[in-house]
Amino acid sequence: MAELSIENIAKRFGETEVLKGISIDISDGEFVSLVGPSGCGKSTLLRIIAGLEEQSSGDIRISGQSVAGQRAADRNLSMVFQSYALYPHLSVGENIAVPLKMRRMTGLQRLPLLGNIMPGAREARGTIEQDVSHAAQILEIGHLLDRKPGQLSGGQRQRVALGRALVRNPAAFLLDEPLSNLDAKLRVQTRAEIAQLHRQLDATFIYVTHDQVEAMTMSDRIAVMMGGRILQCAAPDVVYEDPDRIEVAEFIGSPKINILPVEVSGEGRLSLLDQPLNLAVPGANRGVASLGLRPEALRLSGEGAPIHGHVVHSENLGSELYVQVEVTGLEEQVTLRTMPDRRSALTLGTPVALDFDAAKALVFDADGARLRKLRNLSATTSEVA
Amino acid sequence: MSATEPPVTCVAPAAAIRHATKERRAAWILTAPALSLMVVILLAPVVIAGLLSFTNYSLGNGSFDWVGIHNYEKLFTRSTYEKMFIATLTYVVTVVPISVGLGLGAALLINSLGRFREFYKTIYFLPVMATLLAMAIAWEFMLHPSIGMINRTLEMGCGTVLERIWPFMANSCAERFPLWLGDKRYAIWVVCFIGIWQGFGFNMVLYLAGLTSVHRELYHAAEMDGVRSAWERFRLVTWPALGPTTVFVVTITCIRAFQVFDTIEAFWPQGGGPNKSTYVMMFAIFEKGVQQNLIGIGSAITMLFLAFVMFLTLIQRWLVERKVHY
Ligand SMILES: Nc1ncnc2c1ncn2[C@@H]1O[C@H](COP(=O)(O)OP(=O)(O)OP(=O)(O)O)[C@@H](O)[C@H]1O
Ligand SMILES: [Mg+2]
């Protein structure tokens, strides 16, 4: 186990710049997720860390040692691939044993028939078998060891791929969207299993996903990547509640955050649809800005509320109700979270007035950077709900 | 279940049965043309050849006699046919492994190239596209004992160090260079060489197609698992993935090797080479069945030929089902 530090990694494929200076420090035993939309360079970064791809510039250190010029086989990292990449002709047990055989046995000892009579081969095989069955036991795939990968379900294959990765105590685990081939139910289950495995092994994990729910539920820290940069790297609740940029706020959270266009007038006072809000951003430049409101920051209100509209759609998830509201004067609909017992009062077309919790409002400037200095102008916010 | 409830019936009503029968008849009627064509075009000739192999029939004769297994007996006793088997097996056993190996090697090399891929592919595939008959004439020129390019080139080695380190060279310079096509020691090997030269490009193309199906992530997985050498990578990933291709390539090459005919016909139109050293099966069938109009014995060789090919195909099927499909 080891800490990893990624220093200013850049990668170009010909003309296209895929990674533009990525730096993260990952401490020993930490679980870091890399999330971001498709094509933002997550896999590329992971493959550079693994040594399967060479960076154009920058450096990677594992336990303080630079691994520049070291090939993947020598970096002592384990990787789980999106397609699992199991050897189809080998049984599950043999698949898991490959990394051990390659490292602990000589070329002669590995030979098909002759290998058995080489000195030391017996013992090596014995200890490898023990380690394989230990790994299989952790992942509960002991009964599958004799099957071929072709005879396994997706979830079982995924566990075999994990087994092959964890059988040899690597410095860190690199996982590239390992759950993307599983169905929704299995994904939830395996998610929990991987999180548990992380606690059990106490190993360093770098987990690539484009599913923000996976990232939120499993990680110690989330690194949100977009366009070849890391926009924010912080604990899941921080990324959710206190995003640095509008892209992060939009990417994290489901349903998506509501972004409302606001105007900054004199003294930094914000106004929405030409109506002044009880909210000011001292020191902000006059002009347009964006107000981000999570669905749970909105609440139903009476007269005098800043947002008016009517219900166009509602989704009842049982424990909560999401209501889509078409706001007069805005193109985009806003989503509101409320209790399912309000359902009867919120039938399609019902006019609603919405207020928001000023403490949960997120304001971003025209470039998308977060404006953190907010002032609530109404000391007593109307508590109509 | 209450007594008033009617029992559940599982029997299909009579109308449905009648309908099913009708449908089945229609299906047979619709497949009949294809079936009869298959029987007439594919199966009948084999059956007829099989029957003829037990007769002494000649084309043009009104009648024939059943001679039992006489034709087959001849095949396994006469020395001509012994030579036929030796020539055929020598050819198959030499050409198949070498042209498969070369095909695989060329495919792996070409696959590792960035540029010039198409160029090499085309070059190696040229002999496959050219007809063997035309190429055989070119080879005949090159192999000519006195004015041929090959012996001329070899002659240049006389008087050099080659003469001391290579006994063949020393002998040839002292006496004369081989009559490649007229010497029974060399004739079959020349034919083998041309067979390999002509055929391995085809195998290379099949292997190149097979290589595209090897999952790239498997190579990365192998690298992560600590595979350092190209040989280990080949053993762990490439070779197993090429299993189905290899079975197919070997079978096809075997069948093609059994069918070798044009080179021999071009070099030695009468008689299958010096001392019948290149008297392969296809040529024997042609000579007996067509030139000498001995349909009976020709059919017998044909049946034997079919048996070989059938045997190979069955082995292929067995291998494909058992070993190489994961
Ligand atoms: N070998 C390559 N040559 C050229 N461009 C490449 C190469 N590999 C990746 N790219 C480009 O780099 C960008 C990032 O690719 P990458 O695979 O890292 O995306 P990703 O974030 O993993 O996306 P996904 O979530 O879809 O897996 C993409 O725009 C892709 O087109
Ligand atoms: Mg990816």
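This structure is a prediction, so every number in the text was calculated from the model and none was measured.

## Re the overall build of chain A
Here is step 1: For chain A, the count of helices and strands is eight helices and 22 strands.
Here is step 2: Along the first, second and third principal axes, the C-alpha set of chain A runs to 90 × 45 × 35 Å.
Here is step 3: Accessible surface, chain A: about 17,800 Å² in total, of which carbon and sulfur atoms supply 47%.
Here is step 4: Taking the 40 positively charged and 47 negatively charged side chains of chain A as two groups, their mean positions are separated by 6 Å.

## Topic: the sheet that holds strand 14 (residues 287-293) of chain A
Residue and element names in this part refer to chain A.
Here is step 1: One open sheet accounts for seven strands, arranged 21-20-14-11-12-13-22; its pairing is antiparallel. Sheet topology places strand 21 (370-371) and strand 22 (375-376) at the edges, where each strand pairs with a single neighbour.
Here is step 2: Where strand 20 (residues 362-364) lies against strand 21, two bridges are found, and the strand directions are antiparallel. Across the sheet, Phe 364 pairs through a bridge with Arg 370, a residue of strand 21.

## Describing empty space enclosed by the protein
Picture a little ball the size of a water molecule; that probe, rolled over the atoms, points out where space is still empty.
Here is step 1: According to the stated counting rule, one finds one cavity of 30 Å³ or more in the structure shown.
Here is step 2: In this structure, the largest cavity encloses a volume near 50 Å³.
Here is step 3: The wall of the largest cavity is formed by Ser78(A), Met79(A), Phe81(A), Arg164(A), Ala165(A), Arg168(A), Ala221(B), Met224(B) and Asp225(B).
Here is step 4: Of all the elements in the fold, those that place two or more residues in the lining of the largest cavity are strand 6 (77-80) and helix 4 (154-166) of chain A together with helix 10 (216-224) of chain B.
Here is step 5: Looking at the lining of the largest cavity residue by residue, the classes come out as five nonpolar, one polar and three charged.

## Some details on the site of ligand 1
Residue and element names in this part refer to chain A.
Here is step 1: Taken together, Phe 13, Val 18, Ser 38, Gly 39, Cys 40, Gly 41, Lys 42, Ser 43, Thr 44, Glu 177 and His 210 make up the full set of residues adjacent to ligand 1.
Here is step 2: Taking Thr 44, its side chain carries an N or O atom lying 2.5 Å from an oxygen atom of ligand 1.
Here is step 3: Burial of ligand 1 by the protein chains amounts to 56% of its free accessible area of 640 Å².
Here is step 4: Tallying contributions element by element places helix 1 (residues 42-50) first for the shell around ligand 1, with three residues.
Here is step 5: Here the residues of the shell around ligand 1 are counted per class, giving three nonpolar, six polar and two charged.

## Remarks on the interface of chain A and chain B
Here is step 1: The interface of chain A with chain B comprises 29 residues on the first partner and 20 residues on the second.
Here is step 2: Broken down residue by residue, the surface that chain A buries against chain B is led by Tyr87(A), His89(A) and Met102(A), which jointly contribute 25%.
Here is step 3: Across the contact surface, chain A and chain B share three salt bridges.
Here is step 4: Counting every contact that joins chain A to chain B gives twelve residue pairs in polar contact (both at pLDDT 80 or more).
Here is step 5: When residues of the side of chain A that touches chain B are traced back to their parent elements, those giving at least two are helix 1, strand 6 and helix 2 (92-104) of chain A.
Here is step 6: Element by element, the count of residues in the side of chain A that touches chain B is highest for helix 2 of chain A, at four residues.
Here is step 7: Of the residues belonging to the side of chain A that touches chain B, the class tally is 17 nonpolar, five polar and seven charged.

## Comments concerning the layout of surface pockets
Here is step 1: Approximately 460 Å³ is the volume found for the largest pocket.
Here is step 2: For the largest pocket, the lining is made up of 14 residues, of which Leu90(A), Lys101(A), Arg110(A), Pro112(A) and Arg235(B) are closest to its centre.
Here is step 3: For the lining of the largest pocket, the secondary structure elements donating two or more residues are helix 2 of chain A together with helix 11 (230-241) of chain B.
Here is step 4: The element contributing the most residues to the lining of the largest pocket is helix 2 of chain A, with four residues.
Here is step 5: Residues that form the lining of the largest pocket fall into these classes: seven nonpolar, one polar and six charged.

## Side note on the pairing of strand 6 of chain A
All names here are of chain A.
Here is step 1: Across the two faces of strand 6 the burial is the same, with Leu 77 and Met 79 and Ser 78 and Val 80 all buried.
Here is step 2: Note that strand 6 and strand 7 (residues 172-176) share four bridges and pair parallel. Across the sheet, Leu 77 pairs through a bridge with Ala 172, a residue of strand 7.

## Overview of the domain arrangement of chain A
Here is step 1: Looking at chain A, the domain boundaries give domain 1 (4-241) and domain 2 (259-376).
Here is step 2: The straight-line distance from the C-alpha centre of domain 1 of chain A to that of domain 2 of chain A is 42 Å.

## Regarding the nonpolar core
Here is step 1: In this structure, Leu45(A), Ile49(A), Tyr87(A), Leu236(B) and Phe267(B) are the most contacted members of the largest nonpolar core, which totals 110 residues.
Here is step 2: The residues contacting Leu45(A), other than those within four sequence positions of it, are Ile6(A), Ile9(A), Leu19(A), Ile22(A), Leu34(A) and Met225(A).
Here is step 3: Core analysis: the second largest hydrophobic core is formed by 35 residues, Ala124(A), Ala161(A), Phe173(A) and Leu179(A) among them.

## Some thoughts on a negative patch on the surface
Residue and element names in this part refer to chain A.
Here is step 1: Taken together, the side chains of Glu 3, Asp 25, Asp 28 and Asp 202 define an acidic patch exposed on the protein surface.
Here is step 2: Mapped onto the elements, Asp 202 comes out in the loop between helix 5 (184-201) and strand 8 (205-209).
Here is step 3: On the basis of relative accessible area, Asp 202 is assigned to the exposed category, the value being 51%.

Analysis parameters
- Residues numbered from 1 in each chain as written.
- Chains lettered and ligands numbered in written order.
- Predicted model: local features only at pLDDT ≥ 70, side-chain atom pairs only at ≥ 80, totals over all residues.
- Heavy atoms only, no water.
- Helix = DSSP H or I, 4+ residues; strand = E, 2+ residues; numbered from the N terminus.
- Areas by Shrake-Rupley, 256 points an atom, 1.4 Å probe, with all protein chains shown as cover.
- Lys, Arg positive; Asp, Glu negative; His and termini not counted.
- Charge placed at Lys NZ, Arg CZ, Asp CG, Glu CD.
- Pairing = 2+ DSSP bridges.
- 1 Å grid on protein atoms, 1.4 Å probe; cavity = no way out; pocket = protein on both sides within 12 Å on 5 of 7 lines; lining within 4 Å.
- Points joined across faces, edges and corners; volume = space filled by probe spheres on them.
- Nonpolar A, V, L, I, M, F, W, Y, C, P; charged D, E, K, R; others polar.
- Near = heavy atom within 4 Å.
- Polar contact = N/O pair within 3.5 Å; in protein donor to acceptor, adjacent residues only side chain to side chain.
- Contact = heavy atoms within 4.5 Å.
- Buried area = accessible area lost by both parts, 1.4 Å probe.
- Salt bridge = Lys/Arg side-chain N within 4 Å of Asp/Glu carboxyl O.
- Buried < 20%, exposed > 50% of the residue type's maximum accessible area, 1.4 Å probe, protein only.
- Domains from an automatic or database assignment.
- Core = buried A, V, L, I, M, F, W, Y, C linked by side-chain atoms within 4.5 Å.
- Patch = residues over 30% accessible without salt bridge, like charges linked within 9 Å, V, L, I, M, F, W, Y side chains within 5 Å.

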